[in-house]
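A look at the structure
The residues making up each chain are set out below.
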Amino acid sequence: MNIAICDDESRIREGIGSIIKNAFQKASVSEFSSGKELLDEVNNGYMPDIVLLDIAMEGMDGMETARKLRELSDMLLIFVTGVKEQVFSAFDVGAFHYLLKPIEKKKLLEVMERAVAEAEKTRARKRYMLIKVSGGCRKINIEDVLYAESNGRKVILHMKQENLEFYDKMEELEQRLGDGFYRCHRSYLVSLAEVRGYDSTSITLSNGEVIYLSKRKYPEFVQAYCRFLQEPV
């Protein structure tokens, strides 16, 4: 779970961060001092599940930042403001909730409990990932990924409708794709949801393609696949 806090006041940003880190210790909490800083990180592949966003920031304000974030993801937006009247415009970009400054710890935790629960449900339903391709970034639905293939310094992402080639390391991509994928060979990372059959040296996918399965990894793969299907080994 990635949680981003974006506020140009360091005292408020750090205060919110401290409360959230203590309450949600499994979450990764990142702080940003401007909308531009946050968007730059998102365009480089960082994808928060929840964003706490100050409305009145210098430079790119919270509303403009929110609109640009909405073009990239359906992340949950929680607006932070010192002016109650600003709250109404926040819902134009599908805000999950809002918090008024000065922020009460109890209220912050109540809102965050609900937001984390909602974000977890959203991640279970559909997950997205940003990848850097020639000319910019692409938002992809992880459910569309069949498998990833190492190709030198690049990775080829084999998807249901297309293939995408970009610079990345398989180890880092494996972390980003998360649960539901298995490194079946040093050159292949497969979506367990797309497996239709296997033997000791290969895996057959839903589109009929066959990829290598390392003999050394065969027993571990069987266990991982059975856990994914919730079947006894």
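Okay, so let's go over this structure. Owing to the predicted nature of the structure, the values given are computational and were not obtained by experimental measurement. (Residues numbered from 1 in each chain as written. Predicted model: local features only at pLDDT ≥ 70, side-chain atom pairs only at ≥ 80, totals over all residues. Heavy atoms only, no water.)

A few points about the overall build of the protein
We apply this condition: The numbering of helices and of strands both runs from the N terminus, where a helix is a DSSP run of H or I of at least 4 residues and a strand a run of E of at least 2. In this scheme, a residue with accessible area under 20% of its type's maximum is buried, one over 50% is exposed, and one in between is partly exposed, where area comes from a 1.4 Å probe on protein chains only. Counted as positive: Lys and Arg. Counted as negative: Asp and Glu. His and the chain ends are not counted at all. Every charge is mapped onto a representative atom, which is NZ of Lys, CZ of Arg, CG of Asp or CD of Glu.
Looking only at helices and strands, the protein has seven helices and 15 strands in total. In terms of overall dimensions, the protein has a C-alpha envelope of 65 × 40 × 25 Å along the principal axes. The 233 residues of the protein split such that 45% are buried. Counting 34 positive and 37 negative side-chain charges, the protein places the centres of these two groups 3 Å from one another.

Observations regarding the sheet that holds strand 13 (residues 195-198)
Put simply, the rule is: Note: two strands are recorded as paired if DSSP finds a minimum of 2 bridges between them. Throughout, an axis means a line fitted to C-alpha atoms (over the contacting stretch in the case of helices), and angles, computed between N-to-C directions, take values from 0 to 180 degrees. Any two residues whose heavy atoms approach within 4.5 Å are treated as being in contact.
With antiparallel pairing, the three strands of this open sheet are ordered in space as 13-14-15. Of all the strands in the sheet, the pair left with one neighbour each is strand 13 and strand 15 (210-212). On average, adjacent strands in this sheet sit at an angle of 30 degrees to one another, irrespective of strand direction. Relative to strand 15, strand 14 (residues 202-205) runs antiparallel, the two being bridged by three bridges. The residue bridging Ile-203 from the neighbouring strand is Ile-211, located in strand 15. Packed on one face of the sheet, helix 7 (residues 218-229) meets strand 13 and strand 14 and runs near 145 degrees to strand 13.

Re the packing of helix 2 (residues 35-43) against helix 3 (residues 62-70)
As a reminder of what qualifies: Oblique is the label for any angle not covered by the other classes, which are roughly parallel (under 35 degrees), roughly antiparallel (over 145) and roughly perpendicular (65 to 115).
Running from N to C, helix 2 and helix 3 cross one another at 10 degrees; their axes reach a closest spacing of 10 Å. Classified by the interaxial angle, the pair formed by helix 2 and helix 3 is roughly parallel. The residues of helix 3 that touch helix 2, namely those facing Gly-35, Leu-38, Leu-39 and Val-42, are Thr-65, Lys-68 and Leu-69.

Considerations on the pattern of salt bridges
How we decide: Any carboxyl oxygen of Asp or Glu that lies within 4 Å of a side-chain nitrogen of Lys or Arg is treated as forming a salt bridge with it.
Following the criterion strictly, the structure yields 12 salt bridges and no others. The partner of Arg-13 in a salt bridge is Glu-31, and the shortest N-O contact between them spans 3.8 Å. Of the two residues, Arg-13 sits in helix 1 (residues 10-23) while Glu-31 sits in strand 2 (residues 28-32), which places them 18 residues apart along the sequence. The salt bridge involving Lys-101 is made with Asp-54; its shortest N-O contact spans 3.4 Å. With Lys-101 in the loop between strand 5 (97-100) and helix 5 (105-125) and Asp-54 in strand 3 (residues 50-54), the pair connects residues that are 47 residues apart, well separated along the chain. Residues participating in the shared-partner salt-bridge network are Asp-7, Glu-9, Asp-54 and Lys-101.

With respect to the environment of Leu-213
Take Leu-213: it is sitting in the loop between strand 15 and helix 7. For the pair Leu-213 and His-97, spaced 116 residues apart in sequence, the C-alpha to C-alpha distance is 46 Å. Once residues within four sequence positions are removed from consideration, Leu-213 is found in contact with Cys-184, Asp-199, Ser-200, Thr-201, Ser-202, Ile-203, Tyr-218 and Phe-221.

Quick notes on the sheet that holds strand 2
Read across the open sheet, the five strands follow the order 2-1-3-4-5; overall the sheet is parallel. At either end of the open sheet lies a strand with only one pairing partner, and these are strand 2 and strand 5. Geometrically, the sheet is characterised by an average inter-axis angle of 15 degrees between neighbouring strands, direction not taken into account. Bridge analysis of strand 1 (residues 2-6) against strand 2 gives five bridges, and the strand direction is parallel. Note that in strand 2 the partner of Asn-2 across the bridge is Ser-28. Relative to the sheet, helix 2 contacts strand 1, strand 2 and strand 3, its axis offset from that of strand 2 by approximately 135 degrees.

Details of the nonpolar core
The test is simple: Within this scheme, the nonpolar core is defined by two criteria: the residues are buried Ala, Val, Leu, Ile, Met, Phe, Trp, Tyr or Cys, and they are joined through side-chain atoms within 4.5 Å.
In terms of nonpolar packing, the biggest core is built from 23 residues, with Leu-38, Val-42, Val-51, Leu-53, Leu-69, Leu-77 and Phe-79 touching the most fellow members. Put simply, the parts of the chain that give this core at least two residues each are strand 1, helix 2, strand 3, helix 3 and strand 4 (76-81). Those residues in contact with Leu-77, other than ones at most four positions away along the chain, are Val-51, Ala-66, Leu-69, Arg-70, Val-93, Ala-95, Phe-96 and His-97. Judged by nonpolar contacts, the second largest core, of 21 residues, contains Met-1, Ile-5, Ile-12 and Leu-52.

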